[in-house]
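# Fold and geometry: a report
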Amino acid sequence: MATQQARSRESFDNDWFFHKGDIPIKYAVKAGMTGGITDNGKREEGEWLDIAYVDQESAESAIPKEWSRVKIPHDWVVEGNFMNDPNLGSRPASHGYLPTGIGVYRKLFALPSHDLGKKISLHFDGVMGISTVWINGHVIGTHNSGYSSVQYDISDIVRYGDEGNNVIVVKVDANRYEGWWYEGGGIYRHTWLQKTDRLHVAQWGTYVTTPYVSDEIADIHLQTRLHNEYELDQACELKSTVKDAEGVTVGFVSEKVTIAQLDQKQVDQRVSVAKPRLWSPEHPYLYELLTEVIVEGTTVDTYRTSFGIRTIAFTREGFILNGKPTLLKGTCNHQDFAGVGVALPDRVVAYKLQLLKELGCNAYRSAHHPPSPELLAMCDRLGLMVMDENRKLDSSSEGITELQSLIMRDRNHPSVIAWCLENEEILEGKITGARILRSLVQVARKLDPTRPTLAAMNHGWNEEGYSDQVDIVGYNYGQRNAQDVTDHYAYPSRIILGSESASSTTTRGIYEVDQERGYCPAYEGVLMPSWSCTVEKAWNDLLDHPFLSGVFLWTGFDYRGEPTPYRWPCVLSHFGIMDICGFPKDVYYYLKSVWTEEPMVHILPHWNWAGREGELMDVWVYSNGDQVELSLNGKSLGTMPMTPAGHLEWKVPYEPGEMRAIAYRDKKPVAEKKLQTTGAPASIQLEPDRQDIQADGMDVSLVKVSILDAQGRVVPTADNEVLFEVEGPGLLLGVGNGNPSSHEPDKANRRRAFNGYCLALIQAHAQAGEIVLRGTSSGLKSAEIKIAVR
Ligand code: GAL
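Residues numbered from 1 in each chain as written. Predicted model: local features only at pLDDT ≥ 70, side-chain atom pairs only at ≥ 80, totals over all residues. Heavy atoms only, no water.

### A short note on the overall build of the protein chain
The test is simple: For helices the rule is a DSSP run of H or I covering at least 4 residues; for strands it is a run of E covering at least 2, with both sets numbered from the N terminus onward. Throughout, radius of gyration means the C-alpha value; the globule benchmark is 2.2 Å times the number of residues raised to the power 0.38. Throughout this description, buried means an accessible area under 20% of the type-specific maximum (1.4 Å probe, protein chains only), exposed means over 50%, and partly exposed covers the range between. Note on contacts: a residue pair is in contact if any heavy atoms of the two residues lie within 4.5 Å. In these tables, accessible area is a Shrake-Rupley quantity obtained with a 1.4 Å probe, and a residue counts as shielded only by the protein chains included in the view. For the charge count, each Lys or Arg is scored as positive and each Asp or Glu as negative, with His and the chain ends excluded. Charge positions are represented by NZ for Lys, CZ for Arg, CG for Asp and CD for Glu.
Across its full length, the protein chain holds eight helices and 46 strands. Here the protein chain has a C-alpha radius of gyration of 28 Å; the compact-globule value for 790 residues is 28 Å, and the two agree. Structurally, the protein chain occupies a C-alpha span of about 90 × 60 × 50 Å along its principal axes. A total of 790 residues make up the protein chain; the buried ones form 61% of that total. For the protein chain, contacts bridging at least 24 residues in sequence account for 70% of all contacts bridging at least 6. Surface accessibility of the protein chain: about 30,300 Å² in total, with carbon and sulfur atoms responsible for 49%. Of the side chains in the protein chain, 78 bear a positive and 104 a negative charge, and the two mean positions are spaced by 1 Å.

In structure tokens, the structure reads:
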């Protein structure tokens, strides 16, 4: 029995080399070389590229010069140029008019000789496109979905110690689309190299549930799958320790287990935690299970599972968390962001989630596919309840495997409250669809009976038994003709969730329809797709019918693709509450007014309308006060009682100056907003979200760039181009501005402001020091900030 040290999982994100374009990768059996698995079983003598194979001597020189060194996460599609090629049909519009293609990654690595005998595996959290992986010339697998995680056991194929170096080649074909939004291309989520003893906790091998929870006690059920990859039976001790958030042991159980040779065994253990601290969005308290596999006094494997204690129930009356009726205040979201495409460093994922938390969200729908494991871990920590989603309605063996791996991977996250098995599939309301759905439900119930299943539907709710298969029936845009409410009464056992709503199209800082540039006004409802409704209507609908459990507004952020209601030159969607940089649109403040308590008041539009003096302007106010007084240049325009969960409207003849809104509660002023006509652009302002970042080669500071007038006020119409220079241990990872029709590259050292703002993402090198970021623009006073890298 080997007694090697316990599992290690190291990041494999650095030092990849990337080549854009197809490369024929064949494995040839040449005299003197190792044989093995071949691409398509084809063996070709002679003509083969030295790309997938590397021998001992050629290890370093083997990377062709034209390949670029890249760091994972990486998305090559976002580096492309926007193009409108009618021959490409409609799909490029839905995908944001960026070319996809094929890319090849390559990485060299060595393993020490003492790793021989361990299990070595390579883990990809997500590779967008059809990916094929070679190790030292051997094809080790192909994976079809860009949204699910995949692992490869490479123990037999890698070389150890003096045997030589190893080369990994990953070929990614991003030409096929999986969805109808921007999807990117490449190794866009983390990669890991894992080493374990041959006796170890299986992949995603723990499952923690809390069958009984009270104020006094929580019963914790631990299921651990042990995997014995030795050719002999193995006896071990399985030790499970539950620790609270401070690391104090609050539960412990241990037992002796024997696992047959080359077999797996599931072990059930139970512990109790006294006075459990419950997980909720307000108090996202986490426990940790430490699993240890011990053989003759030596720990051969350790495995950590973060979990929470909470109860959930979807009922006819609505959603209940820890015994309390709770409205789900959710947004649906795709993955991408300004400057990075879908290759979000963890910090950028956290930034997006924090913005949603600040808005008052308590729920997140990962539309329409599995999220990254990091996103779920952050939702656990920040307190966001997640609708975790399967990519498609598919009960082929591949479809089943996809769903199994989603559930096995994610079922310990307290943030996950439901498994969404499909979205708006054509087979909704069809008998075949019902059968497929049934098979998916069976998988979900078997692997995780603690969470409900749902289908996010836009038709067929009442046909051919489709809805009867799932625990919760999702209504996408049920508000359109109150189908959700009608069905609640018509089907007495149906549990309903507002799985997708609104799809309200607005462009940040725009107040008029502008077909030519492809902009939508901020006044909700002026320009809307036929299936949609305003955010305001969606929220009121839920308030009127709490049995709908919640709203999942389409979407939290604008994303690339689906430029509804436009096409080219528009390349981004307009559905976001925030733009693709995370800058709030006006509708953001509507949600603040209904989702947060702190007194606030917001006025739209901006007040820079030179040349339109005397023209009647629509002025809207959002507030959570009970009354609002609006005044212009010191003259009251009247006080109005706030429409509950609504907005106020005034018609105001334009005159430059200061518009002021004061919100009252019980006749006392509680919030004030001043809107001033500004002067011309005069200077640049740089505001980093954090001025202190980590020297880990990954951390990011997101810098808001504003164009100010001479008095330091943001000019709401400014579109000056800002040039960025970075010195010190960091780089400019990308830029953005939220303009849905901008064709400027996101990977560049410059960006125009859009309605006053743009964004620069600064990434730290793995080296301490001080980054200096300078922003300059012709005719404007430049700005400089320092970011400490520690
Ligand atoms: C929904 C769909 C989303 C998105 C949205 C746009 O029907 O589920 O993926 O396309 O429409 O309004």
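Structure shown, so let's carry the discussion forward.
### Description of the UniProt feature "domain: DUF4982" (unreviewed entry) in the protein chain
Note the threshold: UniProt positions are given in the numbering used here, feature names are shortened, and annotations may be inferred rather than shown by experiment.
In the numbering adopted here, UniProt assigns the feature "domain: DUF4982" (unreviewed entry) to residues 614-671. The distance separating the terminal C-alpha atoms of residues 614-671 is 28 Å; by composition the span is 0% helix and 67% strand.

### Points about the UniProt feature "domain: Glycoside hydrolase family 2 catalytic" (unreviewed entry) in the protein chain
Under the local residue numbering, the UniProt record ascribes the feature "domain: Glycoside hydrolase family 2 catalytic" (unreviewed entry) to residues 314-391 and 402-532. From the first C-alpha to the last, residues 402-532 spans 31 Å; its make-up is 26% helix and 19% strand.

### Describing the nonpolar core
We count it as follows: What is meant by a nonpolar core is a set of buried Ala, Val, Leu, Ile, Met, Phe, Trp, Tyr and Cys residues, joined one to another through side-chain atoms within 4.5 Å.
With 183 residues, the main nonpolar core has Trp16, Tyr105, Phe124, Ile154 and Trp607 as its most contacted residues. Look past the residues within four positions of Trp607 in its chain and what remains in contact with it is Met617, Val619, Leu632, Val652, Pro653, Tyr654, Glu655, Gly657, Met659, Leu675, Gln676 and Thr677. In this structure, Val722, Phe724, Ile771 and Ile785 belong to the second largest nonpolar core, which totals 24 residues.

### Description of the site of the ligand
This is how it is decided: Near, as used in this document, describes a residue that has one of its heavy atoms within 4 Å of the molecule or strand being considered. Any N or O atom pair separated by 3.5 Å or less is treated as a polar contact, with the protein-specific requirement of one donor-capable and one acceptor-capable atom, and with residues adjacent in sequence counted only for side-chain atom pairs. Residue classes follow a fixed rule: Ala, Val, Leu, Ile, Met, Phe, Trp, Tyr, Cys and Pro count as nonpolar, while Asp, Glu, Lys and Arg count as charged, and any other residue, Gly among them, counts as polar.
The environment of the ligand is formed by Trp180, His368, Asn423, Glu424, Tyr477, Glu500, Ser503, Trp531, Trp554, Glu562 and Phe575. Between the ligand and the protein, one listed contact pairs an oxygen atom with a side-chain N or O atom of Trp180 at 2.8 Å. The separation between an oxygen atom of the ligand and a polar side-chain atom of Ser503 is 2.6 Å. Per-class residue counts for the shell around the ligand are five nonpolar, three polar and three charged.

### Thoughts on the pattern of salt bridges
Selection criterion: For salt bridges, the criterion is a side-chain nitrogen of Lys or Arg within 4 Å of an Asp or Glu carboxyl oxygen.
Considering all chains together, one arrives at 36 salt bridges under this definition. Between Lys537 and Asp541 there is a salt bridge, with the nearest N and O atoms lying 3.5 Å from each other. Here Asp541 and Lys537 lie together in helix H7 (residues 535-544), a separation of four residues that amounts to about one turn. The class of Lys537 is partly exposed, set by a relative accessible area of 37%. Asp746 is the partner of Arg751 in a salt bridge, and the nearest nitrogen-oxygen pair spans 3.0 Å. Exposure remark for Arg751: the relative accessible area of 4% places this residue in the buried category. Note on Asp746: relative accessible area 9%, which makes it buried.

### What about the side chain of Arg560?
Its location among the elements puts Arg560 in the loop between strand E30 (550-554) and helix H8 (586-595). Within the local environment of Arg560, its side chain forms a polar contact with the side chain of Asp746, the two groups lying 2.5 Å apart.

### Observations regarding the sheet that holds strand E44 (residues 757-764)
Note the following rule: We call two strands paired when DSSP finds no fewer than two bridges between them. Only C-alpha atoms enter the line fits that serve as axes; for helices the fit covers just the stretch in contact. Angles between N-to-C directions range over 0 to 180 degrees.
The strand order E38-E40-E44-E42 describes an open sheet built from four strands, whose pairing is antiparallel. The outermost strands of the open sheet, each flanked by one partner alone, are strand E38 (683-688) and strand E42 (730-736). Across the sheet, the axes of successive neighbouring strands diverge by a mean angle of 25 degrees, strand direction being ignored. The sheet contact formed by strand E40 (residues 700-708) and E44 spans seven bridges and is antiparallel.

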